[in-house]
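Results of the structural survey
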Amino acid sequence: MVDPTQIGPYPVSRALGAGAMGSVYLGQHPRLGIPVAIKLLNRRQPEAVVRFRREAELMARIKDPRVVRVFEAGLCEHGPFLVLEYCPGKDLRALLKEQGAFPPREAAALVAEIARGVAAAHQAGVIHRDLKPANVLVVAGGRPRVTDFGVARPVTRVELQSLTQSGAVLGSPAYMAPEQVTDAREVDA
């Protein structure tokens, strides 16, 4: 696929990255003139579209400076898209690969901030289910921002319309809690 120059009303300047489900682009908010990250879903299967919409709805609940904000969800000729807060920096996986392990105090402070972001998600009724270094952006000043809620689910059973099939493994095995490997539908805060 050729990178789009526009996604919905958002002009695109360049690709920021790609994953299994989508690609992320740097765009410009047409009215506010601020940079935004635009996540474009690569898959068109109904379940993927429902999960993508759920990602937007769950992220919108979380109001915490340690979690990337979602501004809009839409549909354009390229497919479903999310408009996210642009957080210039690198993901934690890239930083660890580039510079190696953080000094103990710095690592502890970073993990504590990530945990506060995850706790804010839990307070907003959201379970991430794929927390790993690649899903944590580290911005100026070393501040972490949790992102990619693609396999997240609501905390309460009342809201849960399960998209997870019995026996399905969701998340990244190297970073999963044992209970998530056993049954991803039963994971809680």
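Refer to the structure presented above.
Residues numbered from 1 in each chain as written. Predicted model: local features only at pLDDT ≥ 70, side-chain atom pairs only at ≥ 80, totals over all residues. Heavy atoms only, no water.

1. Remarks on the sheet that holds strand E2 (residues 10–18)
The strand order E1-E2-E3-E4-E6-E5 describes an open sheet built from 6 strands, whose pairing is antiparallel. Here the strands that pair on one side only, and so sit at the sheet edges, are strand E1 (6–7) and strand E5 (70–76). Alignment of E1 against E2, held across 2 bridges, turns out to be antiparallel. Looking at the pairing, glutamine 6 lines up with proline 11 of E2. The strands that helix H1 (residues 46–61) touches are strand E4 (35–41), E5 and strand E6 (79–85); relative to E6, the one it contacts most, it runs at about 20°. (Pairing = 2+ DSSP bridges. Helix = DSSP H or I, 4+ residues; strand = E, 2+ residues; numbered from the N terminus. Contact = heavy atoms within 4.5 Å. Axes fitted to C-alpha atoms, helices over the stretch in contact; angles between N-to-C directions.)

2. Comments concerning the nonpolar core
Counting residues in each nonpolar core, the largest one holds 30 residues, and the members touching the most others are Ile62, Leu84, Leu92, Ile114, Val126 and Phe149. Elements that contribute at least two residues to this core include exactly E4, H1, E6, helix H2 (92–99), helix H3 (104–123) and strand E9 (136–139). The contact partners of valine 126, leaving out residues within four places of it in the chain, are Leu58, Arg61, Ile62, Ala121, Phe149, Ala152, Arg153 and Val155. One finds Tyr10, Val12, Leu40 and Cys76 within the second-largest nonpolar core, a separate group that totals 10 residues. (Core = buried A, V, L, I, M, F, W, Y, C linked by side-chain atoms within 4.5 Å. Buried < 20%, exposed > 50% of the residue type's maximum accessible area, 1.4 Å probe, protein only.)

3. Here's the deal with the packing of aromatic side chains
Going through the model one piece at a time under the given rule, you end up with 1 aromatic pair. Ring centres of tyrosine 10 and phenylalanine 81 lie 6.2 Å apart, and the angle between their planes is 70°; this geometry places the pair in the edge-to-face category. In this pair, tyrosine 10 is assigned in strand E2 and phenylalanine 81 in strand E6, connecting sequence segments 71 residues apart. Tyrosine 10 sits in the buried class, given a relative accessible area of 2%. (Phe/Tyr/Trp six-rings, centres within 6.5 Å; stacked < 30°, edge-to-face > 60°.)

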